[in-house]
Amino acid sequence: MTTPPQRERRRPDADVADPERLYVITGGPDGTERASLDLVTMIVARVVASPMVPPEQATILRLCRAPLSVAELSAYLSLPFSVVTALLTELLATELVESRAPIVRAALPDRSLLEAVMHGLQRL
């Protein structure tokens, strides 16, 4: 008498390594161009998530009430960068989110200029 095969329990992180799930989330290769996003591109939601938006995209809209980088979104969603890029491409096409270049710190002024300002203020 043989014993029936035991069902495997899914690990909580099994969805990340599940290629079928990732294929379904992204809609598969549909031949469309992806938005040119990099890890530091900032994403901001323009609208509140509606019930018609798929769950992963609704999560992105909720997370992006305040600006978040694509790298942060990838980490929070536990999804690969390429999958997040595919989801963001759809959201950008429907104008539900807005992408912004990261804010670059301005170059620091010359040290001699700062010293001259400091000396001028001390003389006052």
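K.L.:
Explanation requested: the overall build of the protein in the structure shown.
P.N.:
Each helix and strand counted, the protein has 5 helices and 3 strands in total. Helices (α) and strands (β) of the protein occur, in sequence order from the N terminus, as α-β-α-β-α-α-β-α. When burial is assessed residue by residue, the protein has 28% of its 124 residues classed as buried. Long-range contacts, defined as pairs at least 24 residues apart, comprise 66% of the intrachain contacts of the protein with a sequence gap of at least 6.

K.L.:
Could you clarify how one ought to interpret helix H3 (residues 70-77) in this entry?
P.N.:
For an α-helix, the turn length of 3.6 residues means that residues three or four places apart are oriented alike. Taken as a whole, H3 has its buried residues at Val70, Leu73, Ser74 and Leu77. Angularly, the buried residues of H3 cover 100 degrees about the axis, an arc narrow enough to put them on a single face. The exposed residues of H3 that point more than 90 degrees off its buried face are Ala75 and Tyr76. In this structure, the buried residues of H3 make contact with strand E1 (42-45), helix H2 (55-63), strand E2 (68-69) and helix H4 (81-93).

K.L.:
Mind showing me how you'd approach the environment of serine 36 here?
P.N.:
Note that serine 36 resides in the loop between helix H1 (19-26) and E1. Among the residues examined, serine 36 registers a relative accessible area of 74% and is labelled exposed. In sequence terms serine 36 and threonine 89 are 53 residues apart; their C-alpha atoms lie 8.7 Å from each other.

K.L.:
Explain the side chain of threonine 85 here, please?
P.N.:
Its place among the elements puts threonine 85 in helix H4. Separated by 2.8 Å, the side chain of threonine 85 and the backbone oxygen of phenylalanine 81 make a polar contact.

K.L.:
Help me out: how do you make sense of the pairing of E1 in this one?
P.N.:
On any regular strand, side chains alternate: one points to one face of the sheet, the next to the other face. As paired strands, E1 and E2 are joined by 2 bridges and run antiparallel to one another. Looking at E2, one finds that isoleucine 43 is bridged to leucine 68. Where E1 and strand E3 (residues 97-100) come together, 4 bridges link them in antiparallel fashion. Residue pairing across strands places methionine 42 opposite arginine 100, the latter belonging to E3.

K.L.:
Any chance you could explain the confidence of the model for the protein here in plain terms?
P.N.:
Detailed reading of predicted coordinates is not advised where the pLDDT is low. Looking at the protein as a whole, its pLDDT mean stands at 77, while 69% of the residues score no less than 70. Model confidence for the protein, summarised as mean pLDDT per element, is weakest for H1 at 61 and strongest for E1 at 91.

K.L.:
Teacher, can you tell me more about the sheet that holds E2 here?
P.N.:
To summarise the sheet geometry, strands pair through backbone hydrogen bonds and adopt either a parallel or an antiparallel arrangement. Across the sheet, which stays open at both edges, the 3 strands sit in the order E2-E1-E3 with antiparallel pairing between neighbours. Two strands bound the open sheet, and with one partner strand each, they are E2 and E3.

K.L.:
I'm lost on the environment of alanine 35 in this one. Help?
P.N.:
If you trace the backbone, alanine 35 turns up in the loop between H1 and E1. By relative accessible area, which is 25% here, alanine 35 ends up partly exposed. For the pair alanine 35 and threonine 89, spaced 54 residues apart in sequence, the C-alpha separation works out to 5.2 Å.

Calculation notes
Residues numbered from 1 in each chain as written. Predicted model: local features only at pLDDT ≥ 70, side-chain atom pairs only at ≥ 80, totals over all residues. Heavy atoms only, no water. Helix = DSSP H or I, 4+ residues; strand = E, 2+ residues; numbered from the N terminus. Buried < 20%, exposed > 50% of the residue type's maximum accessible area, 1.4 Å probe, protein only. Contact = heavy atoms within 4.5 Å. Arc of directions from axis to C-beta. Polar contact = N/O pair within 3.5 Å; in protein donor to acceptor, adjacent residues only side chain to side chain. Pairing = 2+ DSSP bridges. pLDDT = per-residue confidence, 0-100.

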